Structures are given as C-alpha cells and as structure tokens.
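Descriptive structure summary
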Amino acid sequence: MTKKLLAGLGLAMALLPIPSSAGVIGMLGNFDVINDTGKTAHGFEIELEGLHASDITDTFGGAGRGFPSGRGFDPATSVVRYGSPTITEYSNGGTFGTRVTYMGIFDGTSWDYGTPSGSFITPGDNCWSGGGVGYSAATPCDHFGVGTLANAIQTTYSWLLETATPGVLSNGRVTLPAPTWTVLPAAPQPVGQPPAPPVVAAQIVAPAPEVQDRFGEAIWVKVFTTELENEVGLEELVGGNAKVEQAETEIEWQLLQVDPGNPDSGKLESGYGVPVGPKAASILRRYEFYRYSGLYDPDSNEALVGSDSNPTLDEIGTYLGAQNAALNLDIAQIVDPNPPGQVPVPATLALTLLGLGAVSLSRRGSR
C-alpha cells in the first residue's frame, strides 16, 4: 500500500496562540452528516473537549446567524428540524469541555422529531430545510454547525439514539472527522517591504481503532479548495452557495486509516509550507467522506486496497457526510501590522474557521 510522507516538516497540529488584540472571530464547523446507525435518532451532539461555553460563538440554526430558528420543515421558519441547540459545560475528572446538543422534545409518550437511518445518494450540504432536496421527515441526514474561539482538543460527533427507557437517549458514534487548523505567521520582512502572507494548514484524522492493536475504520475523502478575496460567513457554507461552488478539486481520492503501529498514519495535512495568495481574505475547504467498502484483512482489519488514491467503484461505499471550512484572515493586520518607523514583526492574524469542510497538499502516513 502506498505511503505518502510529509517531506521536510515536522510541525505539530496546534493553533498558535493569538493575542486578544488580534480580534479573533472564531472557528465554525458547518457540515452534513448521515444517520447510518440503523436506528432513528432524536438529536445530535457536538462535544468539544477543552472549550468552555464562553468559547462558543455561533450555532447553525441558532440565534444571530442570519437564519430563523424554530421547528418544522418549512424553510421560512426553520433550518434545523430540532431548532436551536443547547450549550452546556461538562467536567469529567481532569478533562472538561462543552456540548452543543440538538434534540427533539419528548412529551412523555413520543418524540416530536427524529432523523431516520438510511443513506443519502446526492451529497452537497443539502440536509437542511433550505437545502433544496425535498428535506422532510424522511430525509436520513441533517446539517449542523458550531462556532468556537479556538480549536478543541478533540471534537466528537454523536447521533442521539433512544434507549430501552422511553425518553432517554444514548450516544451513537459518527464517522466524520473534524478539521484542525494551524496559522503560522510569516517571517519578518525588511523595513519598507510588504509583509509576507501567512501559512495556513489544516489536518483531518481517520477514526481511531475501536479494538486495540487493530487498524481503524478506513474512509475515503475528497478535498476541494479555493481562496477568496472577501470573507466567508457561516450561512454561506451550504450547498449551492456561490463561494462553495468555486472550490476546485485538490484531492480526487485519498484513503485514510489509522495503523496502530504507526502514530502518523491516518492523517491528511493540507497547506504546510505554502503561503496563501497575496489577495486571499479567506480560504475555503470542503471535505467529502465516503465509507470504504472493499476487503479488510480478517486478522488486522487493514484495508486490502490496491491504491490509496485511485479506488475502484466497488471500493467506494456510502456517502458519510461533508465538512465545509473557511478561514477568514484579518487583512488590515496582515497588510499593515507595524507602526511606521518600527522594525516589522510577524503579522498577527485574526481568523475565522467556518466549516465542520489550500493551496497545496502534503500527506503524512495516509492510507
């Protein structure tokens, strides 16, 4: 199986500290997700480890996002069948975080809304009431999103599934990696020279193995990208939007799978070592995920695939969902970050990451 390694760079995937004076707008995840659990879900949960409720800035379908809230499938009254989510902090020993929960209402006998299990043939960020695909009670997917002020240590998605106890829900695992972003300020330039653009990198990681010493679940991913000369908003990161439609193919196909013997496996990294364009006010990436439907080694669970970038038709399984992501750069601080007469320093960046979905791609340990 082909192994593609990131050459010349050993950079950690962690967001560089950004001073409060940088005016950080935040990071937003905006994504379609398919309910393939085999059970009707009555909600969806986004768990953000390491973040407080005060770090949550926006939610898809929530107040202040340019979308009306509420329940129902009429685009004039709602964009999410479950309405606005609740935001609650949790603490578990030495870890803490925040949960963003979309959930139906249980009246003591039944739930008002649910997401049926199934498959969705036509991807395109359309799993919401304004998505234009006949979204209804029978649609087996939904569109969710959340804005934060920083990268979470770990992001976990779960469908909320009914248990044997009426009205009580449990978490069902979702295979939909969330991107993590890094902003690397450009090196100082000589006095009188315009500041160099920053390097903006992103990483997604395949699902962790469920069984120790066995390979994790294999998934196919397609990546599309574009740079824009204006900012992108959360409400624009949906199917059919002109900015999303501008994204061009960056990676046609890549198979990702975690190898328990290789800590760098299952990772796809984009943008390292390549500065953004001089006119880029935002970078938009779209990730599409598909299940691997080929053969697995019965002992190790390793995907038995001839090529990790050129699948056959029988190796491409059902559509799992899509992530749209956009990073908005603070152009004012990039263009003129230094007072006149002072020696230039690395440009301070304010950013918005939109999408839970580059100029150049490097891959490390991908399968």
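Look a little higher up for the structure.
Anyway, here's the lowdown on the structure attached to this text.

What counts, and at which threshold
Residues numbered from 1 in each chain as written. Predicted model: local features only at pLDDT ≥ 70, side-chain atom pairs only at ≥ 80, totals over all residues. Heavy atoms only, no water. Helix = DSSP H or I, 4+ residues; strand = E, 2+ residues; numbered from the N terminus. Areas by Shrake-Rupley, 256 points an atom, 1.4 Å probe, with all protein chains shown as cover. Contact = heavy atoms within 4.5 Å. Buried < 20%, exposed > 50% of the residue type's maximum accessible area, 1.4 Å probe, protein only. Pairing = 2+ DSSP bridges. Disulfide = S-S within 2.5 Å. Core = buried A, V, L, I, M, F, W, Y, C linked by side-chain atoms within 4.5 Å.

Across its full length, the chain holds two helices and 17 strands. Carbon together with sulfur atoms contributes 53% to the accessible area of the chain, which is approximately 15400 Å² in total.

Here we come to the side chain of K222. One can find K222 in strand β11 (residues 219–228). Beyond its immediate chain neighbours, meaning those up to four positions away, K222 contacts I251, E252, W253, R286, Y287, E288 and Y290.

On to the pairing of strand β10 (residues 199–205), then. Two faces belong to every sheet, and in a regular strand the side chains alternate between them. Taking burial as the measure, the seven residues of β10 include six buried ones, the bulk of the element. In the sheet, strand β9 (residues 180–184) pairs with β10 via five bridges, with the strands oriented antiparallel. When the sheet's bridge partners are listed, W181 is paired in β10 with A202.

All right, on to the state of the cysteines then. Evaluation of the coordinates by the stated rule reveals one disulfide. Covalent S-S linkage joins C127 and C141, the inter-sulfur distance amounting to 1.8 Å. Measuring handedness by torsion sign, the sulfur bridge of C127 and C141 sits at about -75° and is left-handed. Taken together, the residues C127 in the loop between β5 (95–103) and β6 (141–148) and C141 in strand β6 connect sequence positions 14 residues apart. In this pair, the class of C127 matches that of C141, namely buried.

What follows covers unusual backbone geometry. A positive phi angle, near 70°, is found at D213, a position not held by glycine. With respect to the element layout, D213 can be found in the loop between β10 and β11. Among the residues examined, D213 registers a relative accessible area of 61% and is labelled exposed. A positive phi angle, near 70°, is found at N301, a position not held by glycine. Note that N301 resides in the loop between β14 (282–292) and β15 (316–329).

Moving on to the nonpolar core. Judged by nonpolar contacts, the single largest core of 47 residues is most densely connected at F44, I46 and F144. Discounting chain neighbours no more than four positions away, the residues touching I46 are F31, T98, R99, V100, F144, V146, T155, T156 and Y157. Of all hydrophobic cores here, the second largest spans 14 residues; its members include W220, Y290, A303 and V305.

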